[in-house]
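A structural walkthrough
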Amino acid sequence: AAALRWILLGGWAVLALNNASKLALNVGYDVSAHIGYIDYVARLWRVPLATDGWQMFQAPLFYLISAPVYLIAVALTSDAFLVAKLMRLIPLACGAAQVELSFRAARRVYPGREDLQALGTLLGGLVPMNLYISQTVGNEPLAGVLTAALIVAAWRLSDSAYDLARVIHWVGLGLLLGLALLSKVTPVLIVAPLTLFLVRALWRQEQTLRVRPFLWMFSAAAAVSGWYYLRNWMELGRPFIGGWDGLRGIVWWQDPGYRTAGQLLFWG
């Protein structure tokens, strides 16, 4: 499994080098809007509001990390095409990290089963969407890798070798959760299953349930990402702003599909 992990990472590097020259800049989801967000942060050094642009409803971590890379790229070259390509470096690194995390997850879930570890590493390292989206500019790869790191860290914490009474373990989980939520809002979906998993781990190790560890975890997460959602609430009236939120004034030209129970059950 460990050797296969390095083979996959080598293949990932070859694919990235190949695509660096051959993949068109418009490949990906709203690439120009993501680069516009990075440019906004790099020029003004402030996080935009959701109403300031097409993709500016997104949480800011990816763009804050990308801004220094963007400034260095602009200082080195006046070629906008090359600058845009250099913005792929962080998503590429996140995609490669998913291979490593797949290996670590498989090793944790299937201890002593080298065959299943190798299979898990292979399947996780070749997930088609990760291969695709990590070759383009956007915040999805960063949100994905931070969420994956959170899952692997939670699995490690469930090991009996770890002392669940230590605050540092729970704060570490909270920091990862906060960073994931600061990269995109969708990692909020993992909060409930993560909590249930940790309750089970705590019960198995201590035969008791304590609230304080979870307070440490969620406090750390709030300290990292809470400011962004609080600002949305204060400025825009709600913490979570979606891409098609009415207050953004963006109207899509495609008729809505089947998204609600009423649309699925009734017609005509």
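Residues numbered from 1 in each chain as written. Predicted model: local features only at pLDDT ≥ 70, side-chain atom pairs only at ≥ 80, totals over all residues. Heavy atoms only, no water.

**Side note on the layout of surface pockets**
Picture a little ball the size of a water molecule; that probe, rolled over the atoms, points out where space is still empty. Each pocket or cavity is described by its volume, and for the largest pocket that value is around 340 Å³. As for the largest pocket, its lining consists of 17 residues, of which Q98, V127, N130, G144 and A148 are closest to the centre. Put simply, the parts of the chain that give the lining of the largest pocket at least two residues each are α5 (89-109), α7 (128-133) and α8 (140-157). The element best represented in the lining of the largest pocket is α8, accounting for 7 residues. A class-by-class count of the residues in the lining of the largest pocket yields 10 nonpolar, 6 polar and 1 charged. (1 Å grid on protein atoms, 1.4 Å probe; cavity = no way out; pocket = protein on both sides within 12 Å on 5 of 7 lines; lining within 4 Å. Points joined across faces, edges and corners; volume = space filled by probe spheres on them. Helix = DSSP H or I, 4+ residues; strand = E, 2+ residues; numbered from the N terminus. Nonpolar A, V, L, I, M, F, W, Y, C, P; charged D, E, K, R; others polar.)

**A word on the nonpolar core**
Counting residues in each nonpolar core, the largest one holds 51 residues, and the members touching the most others are W170 and L198. Within the residue set of this core, elements represented by two or more residues are α2 (31-44), α3 (61-76), α4 (80-86), α5, α8, α9 (167-183), α10 (191-206) and α11 (212-236). Contact partners of W170, with chain neighbours within four places excluded, come to L157, L164, L198, L202, P213, F214, W216 and M217. Counting 7 residues, the second largest nonpolar core, distinct from the first, contains L8, A16, A96 and V99. (Core = buried A, V, L, I, M, F, W, Y, C linked by side-chain atoms within 4.5 Å. Buried < 20%, exposed > 50% of the residue type's maximum accessible area, 1.4 Å probe, protein only. Contact = heavy atoms within 4.5 Å.)

**Things to note about the pattern of salt bridges**
Under the counting rule described, the total for this entry stands at 6 salt bridges. Between R43 and D39 there is a salt bridge whose closest N-O contact spans 2.7 Å. Of this pair, R43 and D39 both sit in helix α2, 4 residues apart, which is roughly one turn of that helix. Salt-bridge contacts for R113 lead to D115; the nearest nitrogen and oxygen are separated by 2.8 Å. (Salt bridge = Lys/Arg side-chain N within 4 Å of Asp/Glu carboxyl O.)

**A look at α9**
For α9, built from 17 residues, the straight-helix expectation of 24 Å at 1.5 Å per residue is met to within 8% by its first-to-last C-alpha distance of 25 Å. Of the positions making up α9, those classed as buried are H169, W170, L173, G174, L176, L177, G178, A180, L181, L182 and S183. On the buried face of α9, the contacting elements are α3, α8, α10 and α11. (Expected span 1.5 Å × (residues − 1).)

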